[in-house]
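# Report on the structure
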Amino acid sequence: MRKLFTVDHGTNGKGSVCFGWNRGGNLLACCGVNRKLTVWDRQGKVIDQKTLSHPGACMGLEWDSSGETIAVMQQGSPIIVLWHYSGKKLENLETGLKDLTFLKWNKCGPQLAVGTLKGNLLLYNKKTLKKMSAMGKHTKKITCGAWSTTGKLALAGEDRVLSINTSEGDLIDQIQLKLEPVNVQFARMKSEGVTNPNDDEETTISVNMGGKTLLLYDTTEASESPYELAFLPKYGTIMSYRWFGDGYILVGFSSGQVIVISTHLKEIGQEVSYVVPHSDQLGDVAYCPSLQKGASIGDNCVQLFGMEELQNIKARDSDKYDLDSEYGALQKIEWTEDGQILTVSSRNGNVHTLLTKIPVMNDAYGTRVLYLTSLREVCVKDILAEQEVVNISVEVEPTFVSLGPNHAAVGMNNCVWYYHLPERGITGTQAATKVTQRTYAYSVEQVKLSMEYAAVISEGKVTLHVIDTLDSEGMRSDMDERMQQKVFPEKEGDTRITSVAMSPKFMMYSTNQGSIVYFSLDDWTIISEYRTPIGIRSIFPNTEGTRLAFMDDANDAYIYSPVDDSLCKVDQFNVNTDKLLWDSSDWGVFIGCDTKHFTTYVYSPNTRWGPKCGPVCTSLPGKPVTDEVKVTDKPAHFTPILVHNGGAVCQMGNGTMPIVSLNTHVNATVSNRVVGDQVQQAFHNCLSLNRLDAAWSYAQRLSTQDCWYLADRALHLLDIPMAIRVYRMVQQPAMVLALDKLLHVSEKTLLLGHVAMLFKNFNEAQNHFMKSSNPKLALEMRRNLMHWNEALELSEKMAPEEIPYISKEYATQLEFKGELQPALDMYNRGAISIDPSVDEQKRRELHLHNEQCQAGIARITIRMGDITRGFQIAMQTEAPSLAVECAQIFEELKQWTEAAQLYEQAENFNKAAEIYICQNKNLKAAATLMPRINSHRIQGLYGAAKEHDKDYEAAKQAYLAAEDWDNVVRLLVEHLNDISSAYDVVRRTKSAEAAALVAKRCQKDGNPETAIEFLLLAKKTEEAFELASLHDHMHTYASVLSSNGSVEDYLAIANYYEEKGKNNTAGDYYLKCKRYDKALQKYLDMVSTLEQGIHRAEDEESRVKQTDVCINKAIEVVGEAQNDKLNKVLITFLTTDEDSQVPRDPKYLFSLYMALGKYDKGCGMAIVIARREQKMGHYRIAHRLLFQTYKDLEKHGITIPSELRWNLMLLHSYLIAKPLMKALQDHEKASRMLIRVAKNIPKFPKHVVPILTSCVTECNKAGFDKSAYHYAKELVTSDRKEIPEKHRKRMDTIVRKPGYYSKDNNGKKKTEADLTDPPEPVGPCPFCNTAVPMTMLDCPRCKNNVPYCIATGQHMLLSEWSSCPNCKFPALFGPYSEMVRQGEPCMMCEEVVDIKDVKKIQNPNPRDWLNSSSVAEQPAEEPPTGAEQS
């Protein structure tokens, strides 16, 4: 809604204004308190203005029914002023009455009714100029009234009387009113039955009584009492009301609410719907039938509301127009008949004219549209760029428009104005320039524009002329005069042009005779004329004119191609379609428009079946194909202009240009935002629109089945590359290879034939091949399909030399189907006479072909009963395959001798021997073949036959060749009495049946132990157990059973040994059957009997060993069972001896805890055991125990206790001293390790003297004078007598003569204070890089335990980091590799190490050692050789 113009109080005066539109809505008259009567046209141009002579303010203004005369009533004036449009003059009508109060023209007649303050009535007839007075019509002031369509006049006044009169003033009826009337209207109330002969007659009078109620009075004879409609008090006073539709009333209230009520008898007075367009107050309401909209004024605005659906009336902000200066002053609202203009007056003296509906006129070219934006303004807009190109103000209200590439045309009747548009790319900077105005002989029906020409239809003819004219005669001097104007059709007759269109190169038009004509604008001649039998209504070419869609008088649509004059019918075309629009972005898509829907059609010029065009249907891929067309609902009042990429650009009545997205194009472009179920819909839409590339993008996100649909569509559209791409993705190599061969096929008929063949439409494929340049492809196809009759027919026409080969192949198929006589005929027909002159290769091929034909003849001859001839042919052939085939036929016919002979000739000795043995009983003939037989079955048959003849030795040899061990054993036991060989066979073959046979023989011979063995092999476990129990051979039973027994078997053995008192063995078998409690009990019972001497042992050592074995077995049971109850039983047993009441050896508890996974307790036990072993002098044993415990804890990710680390380090320091002395000859490092041990000498009580002696000796050699003196003094002082004799004197000398053996002894006597040790080398701490003495394993700065080298005992250095390949303990690369090179094993794990496995580790992490995890190896370099190291 937009403002057209405003007549302000400067013209009307400050105060109320009377206004009105004439019939047709072309003229607006208004008059205010300043007495100026002004008449305006629709654009706000003053037509006439007159000043009234009487000083009274205007009280009423009415147009007559013809729209030619205005009647004006002034306050205090007895004169009615008449203004006539024809002469634009005023005329005074003397009424002879005073105090005029009412004025109303007859709706359909020339009568004017005038009422007065006293209730008198004057009727004036404009045609006859007669006046008729009716005095006393009412007793008081006539305030309101109305005329009906039949000329009845209803009046009401302050006397509260409603009178109904004729057009001559005669009273028809009169009714008393309860309240003072405010407004009277004639209408037609909806009734259930037909009571009037004329349904359009207004028979109901409605009266607004005092703003409180509405009175409905029916004027017919069948009238009942009037209906009085009351409303809720919350609505307020009735300000205005309007009848509309089929008996509905629109009522506006002072509260700002508007309601719709029904006058249908069943629902009279019921509220249908309501809307609240104003918040404070409402002045007036109006209704426009053409727009089906209501309007109201109130507050400071004008509000429209749609009333297409009465149940859902909505007042939108977009339909609101604010008049800020008129708050509370808006007084009256009125619509023009066409609904385009809405006029509002106010008490401020202003009249506002608003444009509510723009005439829907438009045209499009490319992506530009031309449409009406106001009554005399058109706009060119680029839809794709979403910007206006130019606005053009025109001289008239156009009735049609047209748009071309460079021009726009507007016109009315027989006049057309042409405008030149700004150049493309220039928007909003230049205005359109008027080129010319042309007047044609007849009214213009249609205009179409090209670059330079306009085509105009009028009276069934087309005038083609240039647009830009330069001279006064309308001609252009720069063009050939003949090419500036032409009229079509050139010949006079009955032919009428029905539609015209333009493209850059052509003008196209259609006729009522069914012709489509293409006229070349360049050559100025008709280049194509296509005739159809039915007249054509309209044509719709694409932008370039290469495809033209048209609709004919039979309501069918076709696509015409001027290139080859081909016509393609549009399938399932909607007969209600009135317009077709091509999609400007998709050359093969157009839509059909009817009053309610958009239908999308897809045109495919190249398909398997030729050009095809049809609508997009709703059926999905893979679903049954339906004819239900997929349409898009067209919103009401939407007029389509163009289509671009699935968006239909439409024009609405308010001038807006909405875009309707077609349902067929939803997600039809590739987008990553399409997810979930939308992908399937997008794929289907792309497929339906032949957008195969977009469909491919979506198919990759769907199932394989969807890809098959895409491949089929690609083949239907002959898009071979796309089909190859899809079949490659779904992994169909056969289709890919087949289509690859079609990529370079340029001949369309060949391509169509191959594609039809892929779809198994073989008749279609044959037709295409026969029309192509290579018709033999049809023959090849039929041969490959084994369509032999068709192949023979084709070969007779085009390739007679192929008949023998086809006959042979056909005969083969007939023979397979059992049609023998036709097959025999075909084989005979397939024989070829060989020309001696052909080359050797060809001769061999022909010879093979004839052999195959001869073989077929032989087979069929035998089957048809000529056995002798068939046998002779088969025996004469050199082909083994034929002999086998014929032999099989003889078998079917039970001709065994011939069959066997043929098999033997074909060297199928197995089959021949079988027939000799089983059918002919000819063992002699079979015997000659047996050396060549490789079938066990045949050898078995021969053995059975020989056994039947009691030739047992030959039978045994045959059974052996057949590997029939059961029969071999049976013969050895029953007939050949070779029991020893039978044992060997059964033990080798494990045959259960043979084993049972041998077991039975052993029992019979009194050999139970062997019988047990074979009973078990025969799977007769129960019998074997009973036999073992009976003869006390359970050990044999158990050893043979081994690990192949079941739980029940082991349980039976355990029970047996338990009864026999063999607890150890019983426990073993209880453990096998998972009876942990019983197994533990038996082992512990065995230990008790051993300790109590009940169980006899050879000596004490044997007893201890057996006890150790039993306890370890018990520990194994508990570890496997993981049962707390059994754990307690064993722990109790191990911690207390029943006799001595002292704990048993701790090593058992250690083993138990480790087996149970209680590594913390196991670690404690390991330390205790290691300490005990260390005290006993078993240092290697203690070291191994601590090392193994260390690795177990590390394996299970348990932190290593510091005590275990320290004890292991101390023992290791002692053990590596000797390798350091012997292997490395490094006395300094050996001395420092022995000093470390000497400092903790109480930990080595068993070897105090030897350790200190070694320490003194090594310190003396390495120059550690102070340490040598210190430990020699300790030895001499406390343990001199225990010092070995060979070292005692040296020890005494060191103590008595300090420094005597010092390397720097210069003969001077030294004291203890003079003695020193060499300074210890230092190295960086691997954690904090602090310099730390090499043998110090605790960093004084970072307080970390520093890892030590397992070769030297020194702390590790990052630059020399290595590790043992086996135990992963760290080692200094140089010393460790040298020790390994000397052949020493790893001193930690005692494993032999290959020097190649010793690698230096780059960037080691010493904290891995602290966390008890192994350091990963990162090889850097090989260990240095001995020479390099030295």
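What comes next is a walk through the structure.

Cut-offs and rules
Residues numbered from 1 in each chain as written. Predicted model: local features only at pLDDT ≥ 70, side-chain atom pairs only at ≥ 80, totals over all residues. Heavy atoms only, no water. Helix = DSSP H or I, 4+ residues; strand = E, 2+ residues; numbered from the N terminus. Rg over C-alpha atoms; globule rule 2.2 N^0.38 Å. Buried < 20%, exposed > 50% of the residue type's maximum accessible area, 1.4 Å probe, protein only. Disulfide = S-S within 2.5 Å. Salt bridge = Lys/Arg side-chain N within 4 Å of Asp/Glu carboxyl O. Pairing = 2+ DSSP bridges. Axes fitted to C-alpha atoms, helices over the stretch in contact; angles between N-to-C directions. Contact = heavy atoms within 4.5 Å. Arc of directions from axis to C-beta. Parallel < 35°, antiparallel > 145°, perpendicular 65-115°, else oblique. Left-handed = near helix turned anticlockwise from the far one by under 90°. Nonpolar A, V, L, I, M, F, W, Y, C, P; charged D, E, K, R; others polar. Phe/Tyr/Trp six-rings, centres within 6.5 Å; stacked < 30°, edge-to-face > 60°. Lys NZ or Arg CZ within 6 Å of the ring centre and 35° of its normal.

This part covers the overall build of the chain. When helices and strands are tallied, the chain shows 43 helices and 64 strands. Radius of gyration (C-alpha) of the chain: 61 Å, far over the 35 Å computed for a compact globule of 1430 residues. With the C-alpha coordinates aligned to their principal axes, the bounding extent of the chain is approximately 170 × 120 × 80 Å. Burial statistics for the chain: of 1430 residues in total, 51% are counted as buried.

Turning our eyes to something else, we now look at the state of the cysteines. Using the criterion set out here, one finds 0 disulfides in the structure. No disulfide involves Cys288; its sulfur sits 19 Å from the nearest other cysteine sulfur, which is in Cys301. Cys288 gets classed as buried once you look at its relative accessible area, which sits at 1%.

Considering all chains together, one arrives at 35 salt bridges under this definition. The partner of Asp1226 in a salt bridge is Lys1229, and the shortest N-O contact between them spans 2.7 Å. A salt bridge links Glu1285 to Arg1288, with the shortest nitrogen-to-oxygen separation between them at 3.2 Å. On the criterion of helical spacing, the pair formed by Glu1285 and Arg1288 is a turn pair, its members being 3 residues apart in helix α40 (residues 1285-1296). Take Glu1285: its relative accessible area is 60%, and that puts it in the exposed class. Several salt bridges converge on common partners, so that one network encompasses Arg42, Asp338 and Glu397.

A separate point is the sheet that holds strand β13 (residues 130-134). The strand order across the open sheet built from 4 strands is β10-β11-β12-β13, with neighbouring strands paired in antiparallel fashion. Single-partner strands in this sheet number two, and they are β10 (100-105) and β13. Across the sheet, the mean angle from the axis of one strand to that of its neighbour is 20°, orientation sign disregarded. Relative to β13, strand β12 (residues 121-125) runs antiparallel, the two being bridged by 5 bridges. In the strand pairing of β13, Leu122 is matched with Ser133.

Take the side chain of Ser65 next. Examined against the element boundaries, Ser65 turns out to sit in the loop between β6 (58-63) and β7 (69-74). Every residue in contact with Ser65, bar those within four places of it in the chain, is listed here: Arg23, Asn106, Lys107, Cys108 and Gly109.

This part covers helix α12 (residues 820-830). For the α-helix, the turn length of 3.6 residues means that residues three or four positions removed from each other point alike. Considered for burial, the residues of α12 that qualify are Ala823, Leu824, Met826, Tyr827 and Gly830. In a view along the axis of α12, the buried residues occupy a sector of 165°, so they form one face of it. Close packing links the buried residues of α12 with α10 (788-798), α11 (803-817) and α13 (840-863).

Before going further, it helps to examine the packing of helix α7 (residues 748-758) against helix α8 (residues 762-771). α8 packs onto α7 with a crossing angle of 165° between their chain directions and a minimal axis gap of 8 Å. In terms of axis orientation, α7 runs roughly antiparallel to α8. The element α7 and its partner α8 pack so that their crossing is left-handed. Across the interface between the two elements, Thr749, Leu750, Leu752, Gly753, His754, Ala756 and Met757 of α7 pack against Phe762, Glu764, Ala765, His768, Phe769 and Lys771 of α8. Per-class residue counts for the contact of α7 with α8 are 7 nonpolar, 4 polar and 2 charged.

Turning our eyes to something else, we now look at the pairing of strand β50 (residues 548-552). Counting buried positions along β50 gives 5 out of 5 residues, so the element sits mostly inside the fold. The alternating pattern of β50 places Leu548, Phe550 and Asp552 on one face and Ala549 and Met551 on the opposite face, and all of these are buried. Relative to β50, strand β49 (residues 536-541) runs antiparallel, the two sharing 5 bridges. The residue of β50 that forms the bridge with Pro541 is Leu548. Counted along the chain from β49 to the antiparallel partner β50, the turn is 6 residues long, and its residue Gly545 has a positive phi close to 80°. Pairing between β50 and strand β51 (residues 557-561): 4 bridges, direction antiparallel. Counted as the bridge partner of Leu548 is Tyr560 from β51.

As enumerated under the stated definition, the model contains 25 aromatic pairs in all. Ring centres 5.7 Å apart and planes at 35° place the aromatic pair Phe573 and Tyr601 in the tilted group. On the criterion of sequence distance, the pair formed by Phe573 in the loop between β52 (566-569) and β53 (579-582) and Tyr601 in strand β55 (residues 597-604) is long-range, its members being 28 residues apart. Both residues of the pair, Phe573 and Tyr601, belong to the buried class. In this structure, Lys88 is placed above the aromatic ring of Tyr85, and the distance from its NZ or CZ to the ring centre is 4.4 Å. Sitting over the ring of Phe19, Lys332 keeps its end group 4.9 Å from the ring centre.

So, about the side chain of Ser566. Here Ser566 shows up in strand β52. When near neighbours in sequence (up to four residues on either side) are disregarded, Ser566 contacts Ile559, Tyr560 and Ser561.

This brings us to the sheet that holds strand β45 (residues 497-502). An order of β45-β46-β47-β48 is seen for the 4 strands of this open sheet, with the pairing classed as antiparallel. On the outer flanks of this sheet lie β45 and β48 (525-531), each paired with one strand and no other. In this sheet, adjacent strand axes meet at a mean angle of 15° when their direction is disregarded. Note: strand β46 (residues 506-511) against strand β47 (residues 515-520), 5 bridges, orientation antiparallel. Within the sheet, the bridge partner assigned to Met507 lies in β47 and is Phe519.

Moving on, we come to the packing of helix α21 (residues 965-975) against helix α22 (residues 979-989). The interhelical angle for the contact between α21 and α22, taken along N-to-C directions, is 160°, at an axis separation of 8 Å. Between α21 and α22, the interaxial angle falls into the category roughly antiparallel. Read as a crossing pair, α21 and α22 show a hand that is left-handed. The segment α21 lies against α22, with Trp965, Val969, Leu972 and Val973 engaging Ile979, Ser981, Ala982, Val985, Val986, Arg988 and Thr989. By residue class, the composition of the contact of α21 with α22 is 8 nonpolar, 2 polar and 1 charged.

Worth remembering: the numbers are spatial, not functional.
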